[in-house]
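Chains, contacts and geometry: an overview
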Amino acid sequence: KDVIPPLEQLMVEKEGYLQKAKIADGGKKLRKNWSTSWIVLSSRKIEFYKESKQQALSNVVKTGNKPESVDLCGAHIEWAKEKSSRKNVFQITTLSGNEFLLQSDIDFIILDWFHAIKNAIDRLPKD
Ligand code: I3P
């Protein structure tokens, strides 16, 4: 049956641009390919948009194209110094075996994101 999600679950907690590379899909390794992504964190998911926020919103309206959505229930987040030559890289691993690297050259930006995502994960049930 359809349950109306509580308003809290729909609310955006943080959004902004980061560098993103998806490095595994369902446990299968992918070739690393960094690109800028518009990232929207809400209480139980992260959405990755390929384009700018403006383009992303107009594409959703025009084409119905959805962003890549990542379920944070049971996900892990950790710093991943050894996974990149870049500075300030952390990894999110989902229960379904998807792995994402996120990066910013600006220290406080990546720290804010790390803590916001970690807090979201810690508030959720683990499965
Ligand atoms: C990759 C590309 C990535 C780099 C990665 C390279 O090469 O240069 O930027 O990751 O290093 O393999 P290609 O474009 O030919 O796939 P970092 O920028 O994160 O270091 P890696 O293989 O050591 O992960």
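Anything mentioned here points back to the structure above.
Scope of this entry: the structure provided in the associated data block. Residues take numbers from 1 onward in each chain, read along the sequence in its written order. Owing to the predicted nature of the model, reporting of local features is limited to residues with pLDDT of at least 70; listing and counting of side-chain atom pairs is limited to 80 or more, with chain, interface and lining totals taken over all residues. With hydrogens and water set aside, each side-chain value is computed from the structure's full complement of heavy atoms.

**Section: the overall build of the protein**
We count it as follows: Helix numbering and strand numbering both begin at the N terminus, where a helix is a DSSP run of H or I of at least 4 residues and a strand a DSSP run of E of at least 2. In this setup the radius of gyration rests on C-alpha atoms only. A globule is expected at 2.2 Å times the number of residues raised to 0.38.
In terms of helices and strands, the protein carries three helices and eight strands. The linear arrangement of helices and strands in the protein, starting from the amino end, is α-β-β-β-β-α-β-β-β-β-α. Relative to a compact globule of 127 residues, whose C-alpha radius of gyration would be 14 Å, the protein shows 15 Å and is just as compact. Taking the principal axes of the C-alpha coordinates as reference, the protein spans close to 45 × 35 × 30 Å.

**Considerations on the nonpolar core**
The test is simple: Residues enter a nonpolar core if they are buried and are Ala, Val, Leu, Ile, Met, Phe, Trp, Tyr or Cys, with the set joined through side-chain atoms within 4.5 Å. Each residue's exposure class comes from its accessible area (1.4 Å probe, protein chains only) as a fraction of the maximum for that residue type: buried when under 20%, exposed when over 50%, partly exposed otherwise. Every residue pair with non-hydrogen atoms within 4.5 Å of one another is taken to be in contact.
Ranked by size, the top nonpolar core spans 22 residues in total, and within it Leu41, Ile46, Leu72, Phe90, Ile92, Leu102 and Ile117 carry the most contacts. Those elements giving two or more residues to this core turn out to be strand 3 (35-42), strand 4 (45-49), strand 7 (89-93), strand 8 (99-103) and helix 3 (107-123). Excluding anything up to four places from it in sequence, Ile92 contacts Ile46, Ala75, His76, Ile77, Asn98, Glu99, Phe100, Leu102 and Ile117. Residues Ala21, Ile23, Val89 and Leu101 belong to the second largest nonpolar core, which totals six residues.

**Quick look at the pattern of salt bridges**
The test is simple: Criterion for a salt bridge: a side-chain nitrogen of Lys or Arg within 4 Å of a carboxyl oxygen of Asp or Glu.
Overall, the coordinates contain nine salt bridges when judged by the stated rule. Across the pair Lys22 and Glu68 runs a salt bridge, and its minimum N-O distance is 2.7 Å. Taken as a pair, Lys22 in strand 1 (residues 12-25) and Glu68 in strand 5 (residues 68-71) lie far apart in primary sequence, 46 residues in all. Put simply, Lys45 and Glu47 hold a salt bridge, and the shortest N to O gap is 3.9 Å.

**Some details on the packing of aromatic side chains**
Here is the rule we go by: Centre distance within 6.5 Å is the pairing criterion for rings of Phe, Tyr and Trp, where only the six-membered ring of Trp is used; planes under 30 degrees apart are then read as stacked, over 60 as edge-to-face, and the remainder as tilted. Whether a charge lies above a ring is judged from NZ of Lys or CZ of Arg, which has to be within 6 Å of the ring centre and within 35 degrees of the ring normal.
One pass over the full model with this rule turns up five aromatic pairs. Relative to Phe114, the ring of Trp79 lies with its centre 4.4 Å away and its plane at 15°, an arrangement referred to as stacked. You can see Trp79 sitting in strand 6 (residues 76-79) and its partner Phe114 sitting in helix 3, a full 35 residues away along the chain. For Trp79, a relative accessible area of 39% puts it in the partly exposed group. Ring centres of Phe90 and Phe114 lie 5.5 Å apart, and the angle between their planes is 75°; on these two criteria the pair is classed as edge-to-face. Of this pair, Phe90 sits in strand 7 while Phe114 sits in helix 3, and the two are 24 residues apart along the sequence. No difference in accessibility class separates Phe90 from Phe114, as the two residues are buried. Through successive ring pairs, a cluster of aromatic residues spans Trp79, Phe90 and Phe114. When the ring centre of Trp113 is taken as origin, the NZ or CZ atom of Lys14, which lies over that ring, is 5.1 Å away.

**A closer look at the site of the ligand**
Note the following rule: Throughout, the term near means that a residue has one or more heavy atoms lying within 4 Å of the molecule or strand in question. Pairs of N or O atoms are called polar contacts if they sit within 3.5 Å, as long as, within protein, a hydrogen donor faces a hydrogen acceptor (for residues adjacent in sequence, only side-chain-to-side-chain pairs). To measure how exposed things are, a 1.4 Å probe is used in the Shrake-Rupley method; for residues, cover is taken only from the protein chains shown.
The full set of residues close to the ligand is Arg31, Lys32, Trp34, Ser84, Ser85 and Arg86. A distance of 2.8 Å separates an oxygen atom of the ligand from a polar side-chain atom of Arg31. Within the contact set of the ligand, an oxygen atom lies 2.6 Å away from a side-chain nitrogen or oxygen of Ser85. Protein chains shield 46% of the accessible area of the ligand, which is 510 Å² for the free molecule.

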